[in-house]
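Letter by letter, the chains look like this.
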Amino acid sequence: MADVILGIDPGSRNTGYAILTEEDSKLVALRCDVLKMAHMDDHSDRLQYIFEEVSKIISSFNPDSCAVETPIYGVDPLAMLKLGRAQAAAMLAITNHDIGVTEYYPKQVKKSITGNGNASKEQVAFMLQKTVSLPDEKLSKDATDALAVAWCHLMKQNSFNRQAPKSQKKTHQNNSKSSWADFVENNPDRVK
């Protein structure tokens, strides 16, 4: 059975979420949607709503793991505080279901999909359309961002599961980003 990944793009007014899996060697978005809370005046009501809805999503789809985008900076400190609280509400719902959650920075997500950490949201959406079988409806930016987070997490998991065999040809040290221990192991003749 393929892994099912829940990706979340937290927000205090709109929280995007996506369910991604792999079927017959194809990436399939089972669901991409947004939790809309702009009509709620009280911030604590929004947080409760995020917690309850993410809990329902988890109960419905039983994801194997979850990934959440991490806010890193903003002009308005109060907005960043609210964004962090929204992320915490989603993460609490996830951990209450005993599921692992991984955080990704926006640049990590963009780089994993487009190869460029400074890619635009439009470039990310374009690449997702080319690589993932999407639901028929038009996706909002928040839902697309959540799908990108899930995609990033699935690719990272797959890279851990598909480790290169030890007999792989050596690469030049400038083309490799491995640890010193890996270098010593792969180049015993260069260590004195």
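Residues numbered from 1 in each chain as written. Predicted model: local features only at pLDDT ≥ 70, side-chain atom pairs only at ≥ 80, totals over all residues. Heavy atoms only, no water.

A word on the overall build of the protein chain. Counting its regular elements, the protein chain contains six helices and six strands. Along the protein chain, helices (α) and strands (β) appear in the sequence β-β-β-α-β-α-β-α-α-β-α-α when read from the amino end. Looking at the protein chain as a whole, 39% of its 192 residues qualify as buried. The contacts in the protein chain between residues at least 6 apart in sequence include a share of 60% that link residues at least 24 apart. Total accessible area computed for the protein chain in this model is approximately 11,800 Å², and 50% of it derives from carbon and sulfur atoms. (Helix = DSSP H or I, 4+ residues; strand = E, 2+ residues; numbered from the N terminus. Buried < 20%, exposed > 50% of the residue type's maximum accessible area, 1.4 Å probe, protein only. Contact = heavy atoms within 4.5 Å. Areas by Shrake-Rupley, 256 points an atom, 1.4 Å probe, with all protein chains shown as cover.)

This brings us to the confidence of the model for the protein chain. Per-residue confidence for the protein chain gives a mean pLDDT of 86, with 82% of residues at or over 70. Averaged over each element, pLDDT in the protein chain is lowest for helix α6 (residues 180-186) (67) and highest for helix α1 (residues 43-61) (97). A low-confidence stretch, residues 162-176 (pLDDT under 50), is modelled with eight contacts involving residues beyond four sequence positions or located in other chains. (pLDDT = per-residue confidence, 0-100.)

Taken in spatial order, the six strands line up as β5-β4-β1-β2-β3-β6 in an open sheet, and their pairing is mixed. If you trace the sheet from one side to the other, it starts and ends with β5 (100-104) and β6 (132-133), each paired once. Where strand β1 (residues 4-9) meets strand β2 (residues 14-23), six bridges bridge the pair, whose relative direction is antiparallel. Bridged to Ile5 within β2 is Leu20. (Pairing = 2+ DSSP bridges.)

Further remarks concern the pattern of salt bridges. One pass over the full model with this rule turns up three salt bridges. One salt bridge in this structure joins Glu53 and Lys56, with 3.1 Å as the shortest N-O distance. With Glu53 and Lys56 both in helix α1 and three residues apart, the pair spans about one turn of that helix. Here Asp145 ties to Lys121 by a salt bridge, and the two come within 2.4 Å at their closest N and O atoms. With Asp145 in helix α5 (residues 141-161) and Lys121 in helix α4 (residues 121-131), the pair connects residues that are 24 residues apart, well separated along the chain. Overall, the relative accessible area of 11% leaves Asp145 in the buried class. (Salt bridge = Lys/Arg side-chain N within 4 Å of Asp/Glu carboxyl O.)

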